[in-house]
Amino acid sequence: MPFTEEQMKQVFDTNLIDFAIKHGYEIEKGDKNTVHVKHSGGLYLFKHGRGYYQFTGGKSGNIIQFVQEYMGIADFKSAVEFILGCRAYEQTEHLVPMVEKKQKGELVLPEKDKDCRQTFAYLTKTRGIDHSVVGEMMKQGKIYQAITQKNGYIFKNCAFVGYDENGKPRYCALRAPSRDSHFRQDVENSDKTYGFCMEGHSQRVYEFEAPIDAMSHATLCKRYGMDWQEDHRVAEGCLSDKALTRYLKLHPEIREIVFCYDNDVDGRDAKGQPRNHGQVQAKLSAEAFRKAGYQVYIQTPQGKDFNEDLIMFLRRMERGQEVIEDMQGMTQESR
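Counting from 1, residues in each chain are numbered in the order their sequence is written. Reporting in this predicted model follows two pLDDT cut-offs: at least 70 for local features of residues, and 80 or more for side-chain atom pairs to be given and counted; totals over whole chains, interfaces and linings ignore these cut-offs and use all residues. Hydrogens and water are ignored here; the side-chain numbers use all heavy atoms of the structure.

Draft legend 1. Seen up close, the overall build of the protein. By definition, any uninterrupted DSSP run of H or I lasting at least four residues is a helix, any uninterrupted run of E lasting at least two residues is a strand, and each is numbered from the N terminus. Looking only at helices and strands, the protein has 10 helices and 14 strands in total. For the protein, with 335 residues in total, the buried portion stands at 46%. Contacts: residue pairs with any heavy atoms within 4.5 Å of one another. Here the analysis covers contacts within the protein between residues at least 6 apart in sequence; of these, 61% occur between residues at least 24 apart. Using a 1.4 Å probe, the Shrake-Rupley method yields the accessible areas, and only the shown protein chains count as cover for residues. If you sum the accessible surface of the protein, you get close to 18,400 Å²; carbon and sulfur atoms cover 49% of it. Three labels apply to residues, based on accessible area from a 1.4 Å probe with only protein chains included: buried if under 20% of the type maximum, exposed if over 50%, partly exposed otherwise in between.

Draft legend 2. Quick peek at the nonpolar core. Counting residues in each nonpolar core, the largest one holds 36 residues, and the members touching the most others are F19, Y25, L45, I64, F66 and V67. Residue contributions to this core peak at five residues, all from helix α3 (residues 63-70). Setting aside its immediate chain neighbours within four residues, L45 contacts L16, I17, A20, I27, N33, T34, V35, V37, G51, Y52 and F66. In this text, buried Ala, Val, Leu, Ile, Met, Phe, Trp, Tyr and Cys residues form a nonpolar core when linked through side-chain atoms within 4.5 Å.

Draft legend 3. Structural view of the packing of α3 against helix α4 (residues 76-83). Running from N to C, α3 and α4 cross one another at 110°; their axes reach a closest spacing of 9 Å. Judged by the angle between their axes, α3 and α4 are roughly perpendicular. Between α3 and α4, the residues in contact are I63, I64, V67 and Q68 and F76, A79, V80, F82 and I83, respectively. Here the contact of α3 with α4 is built from residues that sort into eight nonpolar, one polar and no charged. Where helices are involved, their axes are fitted lines through C-alpha atoms of the stretch in contact, as for all axes, and angles between N-to-C directions lie from 0 to 180°. Angles are sorted into four bins: roughly parallel if under 35 degrees, roughly antiparallel if over 145, roughly perpendicular if 65 to 115, and oblique for all others. Residues are grouped as follows: Ala, Val, Leu, Ile, Met, Phe, Trp, Tyr, Cys and Pro are nonpolar; Asp, Glu, Lys and Arg are charged; every other residue, Gly included, is polar.

Draft legend 4. Fine view of the packing of aromatic side chains. Any two of the Phe, Tyr and Trp rings considered here, Trp counted by its six-membered ring, make a pair once their centres fall within 6.5 Å; the pair's planes then place it as stacked at under 30 degrees, edge-to-face at over 60, or tilted in between. Using the criterion set out here, one finds 13 aromatic pairs in the structure. Between the aromatic rings of F19 and F82, the centroid separation amounts to 6.1 Å while the plane-to-plane angle is 80°, which identifies the pairing as edge-to-face. In this pair, F19 sits in helix α2 (residues 16-22) while F82 sits in helix α4, placing the two residues 63 residues apart along the sequence. Classification of F19 by relative accessible area gives buried; the value is 0%. For the pair F66 and Y70, a centre-to-centre distance of 5.5 Å together with 40° between the ring planes defines the contact as tilted. Within this pair, F66 and its partner Y70 are both found in helix α3, separated by four residues, close to a single helical turn. For Y70, a relative accessible area of 7% gives the class buried. Three or more aromatic residues link up through ring pairs in this structure, and these residues are F19, F82, Y153 and F155.

Draft legend 5. Up close: the pairing of strand β8 (residues 169-175). Among the seven residues of β8, five are classified as buried, and the element is accordingly described as predominantly covered. Here the rule is simple: two strands pair whenever DSSP picks up at least two bridges between them. Across six bridges, the pairing between strand β7 (residues 153-163) and β8 is antiparallel. Residue pairing for β8: A159 is matched across the bridge by L174. Both β8 and strand β9 (residues 184-186) contribute to a ladder of three bridges, which runs antiparallel. Pairing of A173 across the sheet is with D186, part of β9.

Draft legend 6. Structural context of the pattern of salt bridges. Note on definitions: salt bridges are taken to be side-chain nitrogens of Lys or Arg within 4 Å of carboxyl oxygens of Asp or Glu. The tally for this structure, following the rule as stated, stands at 16 salt bridges. The partner of K222 in a salt bridge is D130, and the shortest N-O contact between them spans 2.9 Å. Pair noted here: K222 is in helix α7 (residues 211-223) and D130 is in the loop between α5 (117-126) and α6 (131-139), with a separation of 92 residues, a long-range link. Between R204 and E256 there is a salt bridge; the shortest N-O distance is 2.7 Å. Of this pair, R204 sits in strand β11 (residues 204-208) while E256 sits in strand β13 (residues 256-259), placing them 52 residues apart in sequence. One continuous salt-bridge network, built from bridges that share partners, spans D262, D264, K304 and D305.

Draft legend 7. Representation of the side chain of S285. Residue placement: S285 occurs in helix α9 (residues 277-291). In this structure S285 comes out as buried when scored by relative accessible area, which is 1%. Engagement of the side chain of S285 in a polar contact is seen with the side chain of D241, the distance being 2.9 Å. With residues near it in sequence (within four places) discarded, S285 still touches D241, F259 and Y261. Within 3.5 Å is the distance limit for a polar contact, defined as a pair of N or O atoms, with the added protein rule that one can donate a hydrogen and the other accept it, and that residues adjacent in sequence qualify only through two side-chain atoms.

The values are spatial; any link to function lies outside them.
Right, dumping it as C-alpha cells:
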C-alpha cells in the first residue's frame, strides 16, 4: 500500500457529496437518505457522505470506486491520489440547501483534442460501430475527442453533441472511451431537448436512450444491406422523449415513430421490485404519441440495448466465418 494509514483514513472520511460538488457535479434533492446527481440518470449519493448508489444496474460503492467509475481514473493508486486533499468528513448528515434554479448559461464545448484516434478506436473496435457511421458523425461535428485537465490529470473523453436548427451546439454528453469505465456526464448548460440526432430523409424516426445505441442500430441496418442514412434517429441521453418532441417540430414530414429503449430485464424500482424501465417508458411514450396522431412501434433489443445486440451479431459473424474457413481447410486436406 503506497499510502499511510492516516492518508487512507482521510480518503474514507472524505465527504462524497462535497467531493462531487467540488469536481463539477450538480446535486439536487433526492429522498430522505440520498441526494440525486443531476444529468446522471440514476446516480444517487447517500446523505451521510460515505457512498453512492447507481439506480440503473444496482451498483454501489465508496468514494474510491466513485472516482474509478465516474471520473475516468481506473487504477486504485491514481484514484486515491486524486481524492487526497479534499475536505475531510465532518458530519454524519449532509444537508443540501435548497437553492433557486438558476437560468442556463451558454454551453461551452470542451476543448477538441488534436486527434480522435482513441475515440474512433473505442467506437469502432470496442463498440463495433461501422467506420462509415462514426466517420460521418465526426464529419458533421456530432462526435469528437474532448480533452480536459483537472488537478494535473488529463482526461480524454468521447463527446456527443446536439445542435439547434441554426447549427449552434446546445447539448454535449461526455463518456470515457473505455468499456471498463462508467464515467458519463453532460457538459454544464447542456439542454437535453436538443439530442444527438442522425438526420435522415424518410417519414420514420427511431428513438434511443444513448448515441451509441443509435449508431449501433444504424450499423445493424447497414450489415443487413439497408441504407442506414434513410431513416432519422434521435438519442435522448436519458429516459425521456423531450428531444424527440423538439425534433418532430422541425421535421413535420415524419409520421412514424419507432421507440428503441433499453431492455432493462434486471431493473428494479425504488422498492426493489422488478421493473423494466426502458420498456415501461417505451409503452408510455408510444401511447402519448399515438394519441398525437403518429404511427408508433416498439422495437425491443434482444440484449440490454442495441449495442449489445450489435456485439452479439458480430461475434456470431466471426464464428460463422471460422466455421467456413475450417470447412475450406478440411476440403483442401481431403484433396
